[in-house]
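Notes for the structure review
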Amino acid sequence: MEKNLIHSNELHFIDKKRIHQAVEQLVESLELAAGSTTGFNLYAVVESYFTDLNKRREINRLLNLEQNICEEVEEELGVYEM
């Protein structure tokens, strides 16, 4: 059975519930006490990264990651136009 993979220009299609479930699994795997506390919310960070192009750019800049060519494609396609 072939799996349909989500590419970087389709990240915003991921259901927020699935993002939260995946973060929950990450929290459990790392044996963290919680995924969110005062001043820290891993759920919000991951959700924003996947669903908000501007937040993804901010996070990438903070991490000193190079501009991803997919972001340019997303802009050209108007993926995030509201």
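Residues numbered from 1 in each chain as written. Predicted model: local features only at pLDDT ≥ 70, side-chain atom pairs only at ≥ 80, totals over all residues. Heavy atoms only, no water.

What about the packing of helix H1 (residues 16–29) against helix H2 (residues 42–51)?
- Remark: H1 packs on H2, axes separated minimally by 9 Å, with the N-to-C direction vectors making an angle of 135°. As the angle between them shows, H1 and H2 are arranged oblique. H1 and H2 meet at a crossing whose hand is right-handed. Where H1 abuts H2, its residues Lys16, Ile19, His20, Val23, Glu24, Leu26 and Val27 lie against Leu42, Tyr43, Val46, Glu47, Phe50 and Thr51.
- Residues belonging to the contact of H1 with H2 are distributed by class as follows: 8 nonpolar, 2 polar and 3 charged. (Axes fitted to C-alpha atoms, helices over the stretch in contact; angles between N-to-C directions. Helix = DSSP H or I, 4+ residues; strand = E, 2+ residues; numbered from the N terminus. Parallel < 35°, antiparallel > 145°, perpendicular 65-115°, else oblique. Left-handed = near helix turned anticlockwise from the far one by under 90°. Contact = heavy atoms within 4.5 Å. Nonpolar A, V, L, I, M, F, W, Y, C, P; charged D, E, K, R; others polar.)

Quick word on H2
- Burial in H2 covers these residues: Leu42, Tyr43, Val46 and Glu47. Burial along H2 is one-sided: seen end-on, the buried residues are contained in an arc of 125°.
- Those residues of H2 hidden inside the fold are in contact with H1, strand S1 (36–37) and strand S2 (40–41).
- Among the residues of H2, the N-terminal cap falls to asparagine 41, whose side-chain oxygen and the backbone nitrogen of tyrosine 43 are separated by 3.0 Å. (Buried < 20%, exposed > 50% of the residue type's maximum accessible area, 1.4 Å probe, protein only. Arc of directions from axis to C-beta. Polar contact = N/O pair within 3.5 Å; in protein donor to acceptor, adjacent residues only side chain to side chain.)

A short note on the nonpolar core
- Counting residues in each nonpolar core, the largest one holds 8 residues, listed as Leu11, Ile14, Ile19, Val23, Val27, Leu42, Tyr43 and Val46.
- For this core, the secondary structure elements donating two or more residues are H1 and H2.
- Each residue touching leucine 42, except ones within four places of it in the same chain, is listed here: Val23, Leu26, Val27 and Gly35. (Core = buried A, V, L, I, M, F, W, Y, C linked by side-chain atoms within 4.5 Å.)

A word on the layout of surface pockets
- Considered as a void within the structure, the largest pocket measures approximately 270 Å³ in volume.
- Lining the largest pocket we find 13 residues, and of these Ile6, Ile14, Arg18, Ala22 and Phe50 sit closest to its centre.
- Listing elements by their share of the lining of the largest pocket, those giving two or more residues are H1 and H2.
- When residues in the lining of the largest pocket are grouped by element, the largest group, 6 residues, is from H1. (1 Å grid on protein atoms, 1.4 Å probe; cavity = no way out; pocket = protein on both sides within 12 Å on 5 of 7 lines; lining within 4 Å. Points joined across faces, edges and corners; volume = space filled by probe spheres on them.)

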